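Chains, contacts and geometry: an overview
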6 protein chains.
Amino acid sequence: MMLPTLFLILSVLFSSSHASVQDFCVASLNGPETPAGFACKTPAKVTVNDFVFSGLGAAGNTSNIIKAAVTPAFVSQFPGLNGLGLSGGRLDLAPGGVIPFHTHPGASEILLVTQGSITAGFISSANDVYYKTLKKGDLMVFPQGLLHFQISAAGITSVAFVFFSSPNPGLQITDFALFGNSLPTPLVAGTTFLDPATIKKLKAVLGGTG
Amino acid sequence: MMLPTLFLILSVLFSSSHASVQDFCVASLNGPETPAGFACKTPAKVTVNDFVFSGLGAAGNTSNIIKAAVTPAFVSQFPGLNGLGLSGGRLDLAPGGVIPFHTHPGASEILLVTQGSITAGFISSANDVYYKTLKKGDLMVFPQGLLHFQISAAGITSVAFVFFSSPNPGLQITDFALFGNSLPTPLVAGTTFLDPATIKKLKAVLGGTG
Amino acid sequence: MMLPTLFLILSVLFSSSHASVQDFCVASLNGPETPAGFACKTPAKVTVNDFVFSGLGAAGNTSNIIKAAVTPAFVSQFPGLNGLGLSGGRLDLAPGGVIPFHTHPGASEILLVTQGSITAGFISSANDVYYKTLKKGDLMVFPQGLLHFQISAAGITSVAFVFFSSPNPGLQITDFALFGNSLPTPLVAGTTFLDPATIKKLKAVLGGTG
Amino acid sequence: MMLPTLFLILSVLFSSSHASVQDFCVASLNGPETPAGFACKTPAKVTVNDFVFSGLGAAGNTSNIIKAAVTPAFVSQFPGLNGLGLSGGRLDLAPGGVIPFHTHPGASEILLVTQGSITAGFISSANDVYYKTLKKGDLMVFPQGLLHFQISAAGITSVAFVFFSSPNPGLQITDFALFGNSLPTPLVAGTTFLDPATIKKLKAVLGGTG
Amino acid sequence: MMLPTLFLILSVLFSSSHASVQDFCVASLNGPETPAGFACKTPAKVTVNDFVFSGLGAAGNTSNIIKAAVTPAFVSQFPGLNGLGLSGGRLDLAPGGVIPFHTHPGASEILLVTQGSITAGFISSANDVYYKTLKKGDLMVFPQGLLHFQISAAGITSVAFVFFSSPNPGLQITDFALFGNSLPTPLVAGTTFLDPATIKKLKAVLGGTG
Amino acid sequence: MMLPTLFLILSVLFSSSHASVQDFCVASLNGPETPAGFACKTPAKVTVNDFVFSGLGAAGNTSNIIKAAVTPAFVSQFPGLNGLGLSGGRLDLAPGGVIPFHTHPGASEILLVTQGSITAGFISSANDVYYKTLKKGDLMVFPQGLLHFQISAAGITSVAFVFFSSPNPGLQITDFALFGNSLPTPLVAGTTFLDPATIKKLKAVLGGTG
């Protein structure tokens, strides 16, 4: 067994190399953001709480029109993810609930059903359709950037947790993108094959103008 | 000036290092494909023609319903791009022509107008709309994975060339993805807020079933 | 609304670009493996089942000495993950169960507790300790390559699902690496500060020789 | 069709996740620069003009010795490119014009001829020569870091647009690097096989000293 | 040969493109750090000394218990490495010296023996052991994140230089991580298979508490 | 301490996950090559010798015109480097020896002087010159893709070892690229500002034709 003085020796040995080594970069959300993520919080101020997130423990509120809720755990909510290539989220789907067609521009997604049953699917660039009804414990993976959806397939509230290959995967819900903003109706009509009357109805529902 | 024998010396000097150095990896389209691209063609069979593509020189045929044509120069058409992080394409838009809303799941895009005028735009995850009418010589960049469109803004045929940050950017046209395949109408209705009658009409137009 | 012939037009329009576009690369586990993952399965043979994995639905067997089980969903078990930057796994910890100190050489990890309670922690290069007792619904992230552990903190079996930033994160359990193979005892002694008698005892327990 | 209140519901649903999601990172050119690019402009100040660049619309001035002009559209000129893995530029070559041998240390390049005709080529690590005379509409790709050139092959001014696999590809013109700075003549002689007299003449022409 | 005015022309030609092109990003160690490295020092203040490091020229002090010394040349010591994907270090091993089992969480390592002889090895995820006695001039590579060691195999002081695939590879010495900090003894016992008495002895030696 | 059966338990526990986990991918040099490197050798055939390379132990032959030798340890010579982001090499420079201006298209380089003294330098895109005379033990880093050189600065043979941020960095020696192949003299003249007579002389020396 080693002598007690080894402790002193090792402290000296590694003091120079460890002072500024960083294996992680907890986001300083008020600091500058870059293409690779946020600037790092000072290591001295990092605690275990930066690496733990409890915001997915409670059910989201599904008392709404789509009977569903999305609760994100992206880098903005969970700063410890910064630079680590991962993020998460929680889906709650009451019976009849749906997460409408959407994409994540910057990440692939893996979904884990933890309660109930969910029909999930995606569409490829080759326009092939891949969907299946998942039960508790099933995983499904959605390749980066492709249109996908999740829809309740149970008589009880279904719950899923999702994980992404980026701390900042983005989220673009097709309906919301097309009809929930100020893009002028003629432009929407010209680019979607939908007639102006339908577009105006959807804009009214989704809060769009123009 | 050096002596004539330098040539021999240098040949020896570098023979071992150069034999299998590859600065490029022209796609062997019949070989195995991997997440990083196609296997490489044998260097000895590579010629300058692997690095040149003439398929964008001619106008695409815009005598169709959308009065537009897309001609790709992706790695499948242009094998020299394999592994180099770039690809291209050509857009032809007759007056009134449109490239409907679409995404490229695996790449950002830069567009160059070379003839006529085009109104182009994209929508962000934050649901903000960015669009502008571009004239000849203008560039516009579309961040990876976001919904975007191009629409003719001229009384003549407009032409643009597009370039991507991947040899294999993918292309997902929203209408085609939602209504041009076998995804059952109830699933489409449940995930798009559109009513079944509208969906069935669009499926008829776009070749979808179910 | 568009004319019925649009379907034909679009089919032609995109036929050339879509033939070989791949948004995913399902692993052909018997094909060549590369630094970027396995060669891709022929797209025509890909089905939705390649993107779904049901192997984490059942509890692992914790009737063992560590009262714990690890069930992986890496690319070798779940070929659809190939090239997508993600994988998963399930941890079952009976009361008193433990996943001993280990690292994942190639990925960061995010852990979700779905039942019971788990004390989890990691140690940084600066030798700081970060650990916390997690309850159901909590997430914790472990930066790439750092030593970490999970230990039961409940009177019932605890369950967690883990996700990684690579389809092939690797797993190196420190005890198993040091004492469960043929590394000669003098070498182990020289490189761990442990005395040979302790090492030989651990080798006996963990199946090591030499 | 959905009820009008969906708009309110969705706004709530996504407010938390969208507040700080960024699909892009327009360069704040006065902010800190990092190995991954510039810090991001505040999203609230981003407009469509950050994603559009009109500086390539006009011909460069070729009334010079090399009868050619290079107009860059790198991240410094076109901040919207930051983090998106792409940039561009324009080449104008009057009859007899030439872009001398150069490299881009940080990117592959794709070139599109839009007027006239250009002979372009590159040399590989294996010292093989790949060059061809390109006509209007042709693309040629130059693998990252390799020496390449473009030379007029038409009786009229030729124009090409180039695109790079990085927002900041760099540009190192061999003559300028060897003879256009303060590197002492003996060092240049020792490292190029050229005799001092030739070097001094080239230094005089290219503005070098020493 | 060109005319003297070419110098002026070229200066104008490239002035716009070069002003802010950066081929490197010397670390500003007091500036913000990001997941991709430190912010860049102002180019105007960069000198050749930012790219040269002389700190590995002198032998480390091996008059200690492990009879070995590690001298790092990571980005914190050698700011010119920032963003360039490389770093280095020096190992001195007196006769009987050892660098105990450790990992680099963020990099692969290549080792070059320049004096004496060293037995080095690593253990894979599959728990296979790879070790060999290296002589002067030998290289050995250690894949990212795997446990490895170096031990003197000569009667004289052995010297090796190591290089990493990251400017900030990290360094986690297993003994130091397990026994050199405040991780409570019961937690260490639960996660290492070692008995509390052994742990307490090691903690005393390595400076751990609890 | 654990019971002897733990060995059996752990073997079962990890058998499924370890069977195909690969922390490394030793190059199968006869197998397919891809943009990410060579296909992997079967793990069962991998030995420690795949990770060790002894080819840099002997001095290169400097009895030549440049009084220098380059010995590469790239992936083609040292297959264990495949996929690990590193490679190496050895430089021998007799008094008066020189490694002429060259670039590595695919990697940054770090140089370590182990004997004698070497003047080394590089030129940036901004055309700034960075060079210094290095002594034994000094490191210098050369950013990716930039022109650089090494020249003897000692009365004895100088030795350096170089390491790269890629297993396959490439090597393009400017003189050899410009004058050592079949590129026609008029093309060389047009793209280098050198007069045809000088070019023909250099072609004769360096083995070029045309």
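Residues numbered from 1 in each chain as written. Chains lettered and ligands numbered in written order. Predicted model: local features only at pLDDT ≥ 70, side-chain atom pairs only at ≥ 80, totals over all residues. Heavy atoms only, no water.

A few words now on the overall build of chain A. Within chain A one finds four helices and 13 strands. Since a compact globule built from 210 residues should have a radius of gyration of about 17 Å, the 22 Å found for chain A marks it as more spread out than a globular shape. Taking the principal axes of its C-alpha atoms as reference, chain A extends roughly 80 × 40 × 35 Å. Taken across its 210 residues, chain A has 66% of its residues classed as buried. Taking all contacts inside chain A whose residues are at least 6 apart in sequence as the whole, residues at least 24 apart take part in 67%. For chain A, the exposed area adds up to about 6300 Å²; of that, 59% sits on carbon and sulfur atoms. (Helix = DSSP H or I, 4+ residues; strand = E, 2+ residues; numbered from the N terminus. Rg over C-alpha atoms; globule rule 2.2 N^0.38 Å. Buried < 20%, exposed > 50% of the residue type's maximum accessible area, 1.4 Å probe, protein only. Contact = heavy atoms within 4.5 Å. Areas by Shrake-Rupley, 256 points an atom, 1.4 Å probe, with all protein chains shown as cover.)

Our next topic: the nonpolar core. Judged by nonpolar contacts, the single largest core of 361 residues is most densely connected at L139 of chain A, L139 of chain B, L139 of chain C, L139 of chain D, L139 of chain E together with L139 of chain F. The residues touching L139 of chain F, leaving out its near neighbours within four places in the chain, are F51, V52, F53, L56, A73, F78 and F163 of chain E together with I110, L111 and L112 of chain F. (Core = buried A, V, L, I, M, F, W, Y, C linked by side-chain atoms within 4.5 Å.)

Below, the discussion takes up the interface of chain F and chain D. With 40 residues of chain F at the contact, the number on the chain D side is 40 residues. Buried surface at the junction of chain F and chain D, both sides included, amounts to about 3500 Å², of which 66% is carbon and sulfur. Sorting the residues of chain F by area buried against chain D places N127, T191 and F193 of chain F first, and these three jointly supply 18% of that buried surface. Along the contact surface separating chain F from chain D lie zero salt bridges. (Buried area = accessible area lost by both parts, 1.4 Å probe. Salt bridge = Lys/Arg side-chain N within 4 Å of Asp/Glu carboxyl O.)

Below, the discussion takes up the environment of A154 of chain B. Residues and elements named next belong to chain B. With respect to the secondary-structure elements, A154 resides in the loop between β11 (148-152) and β12 (158-164). Distance from A154 to G97, taken between C-alpha atoms, is 9.6 Å for residues 57 residues apart in sequence. In this structure A154 touches P95, G116 and S117, once residues within four positions along its chain are discounted.

This next bit is on the UniProt feature "binding site: Mn(2+)" (unreviewed entry) in chain A. Residues and elements named next belong to chain A. Cross-referencing UniProt, the feature "binding site: Mn(2+)" (unreviewed entry) maps to H102, H104, E109 and H148 in the present numbering. Judged by maximum C-alpha separation, these annotated positions cover 47 residues in sequence but sit close together in space, the widest gap being only 11.9 Å. Examined against the element boundaries, E109 turns out to sit in strand β7 (residues 109-115). Not counting residues up to four positions away in its chain, the partners in contact with H148 are P100, F101, H102, T103, H104, E109, G121, F122 and F142. (UniProt positions renumbered as here; feature names shortened; annotations may be inferred.)

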